[in-house]
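For reference, the chains in residue letters:
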Amino acid sequence: MKKGYDYGMVGLGTMGGNLALNMNDNGFSVCGYDKDEKKVTGFLEHGDAENIYATADIKTFTDSLQSPKVIILLVPAGKIVDAVISDLLPFLMEGDIIIDGGNSHFTDTQKRILDLADKKIDFMGVGISGGEHGARFGPSIMPGGSVDAYSIVEKMLVAISAKVDDVPCVAYMGKGAAGHYVKMVHNGIEYGMMQLIAETYQLLKVNLELDNDAMHKIFAQWNKGILKSYLIAITANIFVQKDDLSDKQLIDVIKDTAQQKGTGGWTSLEALELRVPIPVIDLAVAMRDMSAYENIRSEAHQLLKGPTIEIFQNTQGFIDSLERALYFSFISTYAQGFALLSAASEQYQFNLNLKNIATIWRGGCIIRSAILEDIRFAFSENDKLSSLLLNKEIAKKLIENQDSARSAVISGVKNGLPIAGLMSALLYFDAFRNIAIPANLIQAQRDFFGAHTYERIDKEGKFHTNWNQIN
Ligand code: 6PG
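So, here is what we can say about the structure in this document. (Residues numbered from 1 in each chain as written. Predicted model: local features only at pLDDT ≥ 70, side-chain atom pairs only at ≥ 80, totals over all residues. Heavy atoms only, no water.)

### Describing the packing of helix α11 (residues 263–274) against helix α14 (residues 315–347)
The condition that has to hold: Every axis in this analysis is a line fitted to C-alpha atoms, fitted for helices over the stretch in contact. Angles between the N-to-C directions lie between 0 and 180 degrees. A run of DSSP states H or I qualifies as a helix once it reaches four residues; a run of E qualifies as a strand once it reaches two. Both are numbered from the N-terminal end. Put simply, angles under 35 degrees are roughly parallel, angles over 145 are roughly antiparallel, angles from 65 to 115 are roughly perpendicular, and the rest are oblique. Crossing handedness is read from the near helix: turned anticlockwise from the far helix by less than a right angle, it gives a left-handed crossing, and turned clockwise, a right-handed one. Whether two residues touch is decided by their heavy atoms; if any such pair falls within 4.5 Å, the residues are in contact.
With their axes 11 Å apart at the nearest point, α11 and α14 run at an angle of 60 degrees to one another. Taken together, the axes of α11 and α14 are oblique relative to one another. Crossing geometry of α11 relative to α14 is assigned as left-handed. Taking contact as the criterion, the partners of Thr267, Ala271 and Leu274 in α11 are, on α14, Leu340, Ala343, Ala344 and Gln347.

Structure below.
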């Protein structure tokens, strides 16, 4: 080992190990630290000690770094982050920087920033997306924290990030916990898109009785058109994966109970708090939750008889229409995520640049897709756009594809399929589009039973009526 490694990496698991190797490929020397000796040994095999080193001893680790020390944490969110910080603190000095690259809740990040500011240590919450492959070869990076700290690490983050047309998929998000906030919303959108794709898969499977090979072809074809995206691409590949443990295809032996680490739910809770409707994301979380109720589902399946399944005849017509329905629903989901970012920017004074966010999500991350190019364009025309639905080009795309979205929903409802995402993508469009929604009746009811007052369409002010009471 040498003295003066450029960066320290705490956590040499999949994400930390791969990100460190990526940093090293880009000319930065890295010393890793992990309590697990096996991970340390595995990491040491990746390079010569000039560029890469690792240890399970925290003092050796911190002593090996140049000053100011810049230490990246890639450890599971929650208490472990705090434990690592307190282990590191005795070895840190004023001006050192800790970067949390995991999926921490933004309020935890905010608290850590304040706690460490007392010790004059800069704490940055940096969202990193792209999974194992992204970490190794170029993720999308969402850094938040002080501008000064960012200026110290900017060159490295730019170097290791994904690039789209030579534009790096990293940009300073804002002060405080802005980076982790943006990553949380990224994950909410990820939940939404995954749910929508899963529903489309069910529609193809039930309504058209297609097999996995046909599904592979459809998704591969879709990935060449308007739906071009990382999630559609991996879905195409999933359908041709053979199972190692049986003679079946792998997708057919995977249990239909979805797990979650929580970032989608955080997005929903946060949106409820700020009163920003994000129904696709909410329903994506609810559907993962419902999938986990195995016992109720199996009993209900025996008891609750649904409609007789109708097989659709116009196969190609149905597939093409579904492509447009999914496109419509993806746009609706992005619109919901960006609306939350827009509200949060004001609420927390993050001063988010929505165009930059669309730009850095075009590559490296899980939700990258061709649609983000249009979204980027919408925000470059108006960076204060409060809803993507109000951009003329986006609106045109939604209008053109709404019939397909409606047909997909109808086909699913007819066959009794739980297509919550597709329904709520359409609901989002219709709720904003309708000039009159029946909230007048809700106001009347509130005033009836609770004298909560209502506003009128023809006069200013608050009104209360003595309603004819029921007996
Ligand atoms: C990413 C992903 C990643 C996330 C996983 C699992 O951007 O690389 O969002 O950060 O942790 O996708 O999330 P769930 O376990 O909640 O599905």
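### What to know about the pairing of strand β4 (residues 70–73)
The side chains of a regular strand alternate, first on one face of the sheet and then on the other. Condition: Relative accessibility thresholds used throughout: buried, under 20% of the residue-type maximum; exposed, over 50%; partly exposed, between the two (1.4 Å probe, protein chains only). Two strands make a pair as long as DSSP finds a minimum of two bridges between them. The definition of a right-handed crossover adopted here requires that, viewed with the strands pointing away, the path from the first strand over the helix to the second runs clockwise.
Residue alternation in β4 divides its side chains into two sets, Val70 and Ile72 and Ile71 and Leu73, and both sets are buried. Pairing between β4 and strand β5 (residues 97–100): 4 bridges, direction parallel. Bridge assignment links Val70 to a residue of β5, and that residue is Ile97. As for the winding sense of the linkage, the β-α-β connection from β4 through helix α4 (residues 79–88) to β5 is right-handed.

### Quick word on the site of the ligand
Rules: Neighbouring residues are identified by heavy atoms, a residue being near a molecule or strand if any of them is within 4 Å of it. Think of a polar contact as two N or O atoms within 3.5 Å of one another; within protein, one of them needs to be a possible hydrogen donor and the other a possible acceptor, and neighboring residues in sequence only count if both atoms come from side chains. Here, Shrake-Rupley sampling with a 1.4 Å probe gives the accessible areas, and only protein chains in the shown set may cover a residue.
What surrounds the ligand is a group of 15 residues, the closest being Asn103, Ser129, Glu190, Tyr191 and Arg288. Contacts to the ligand include Ser129, whose side-chain N or O atom sits 2.5 Å from an oxygen atom. Note that an oxygen atom of the ligand is positioned 2.8 Å from one of the side-chain N or O atoms of Arg288. Here the ligand, which alone exposes 420 Å², has 79% of that area covered by the protein.

### Quick look at the packing of helix α8 (residues 178–207) against helix α9 (residues 212–222)
Packed helices, taken two at a time, are described by the angle between their axes plus the distance between the axes. Applicable threshold: Nonpolar residues are Ala, Val, Leu, Ile, Met, Phe, Trp, Tyr, Cys and Pro. Charged residues are Asp, Glu, Lys and Arg, and all others, Gly as well, are polar.
Axis separation between α8 and α9 bottoms out at 11 Å; the angle between their running directions is 135 degrees. One finds that α8 runs oblique with respect to α9. The handedness of the crossing between α8 and α9 comes out as right-handed. Each of Ile197, Thr200, Tyr201, Leu204 and Lys205 in α8 lies in contact with α9, whose residues at this interface are Met215, Ile218, Phe219 and Trp222. Residues belonging to the contact of α8 with α9 are distributed by class as follows: 7 nonpolar, 1 polar and 1 charged.

### Points about the environment of Phe377
Within the secondary structure layout, Phe377 lies in helix α16 (residues 371–381). Judged by relative accessible area, Phe377 falls into the partly exposed class, the value being 48%.

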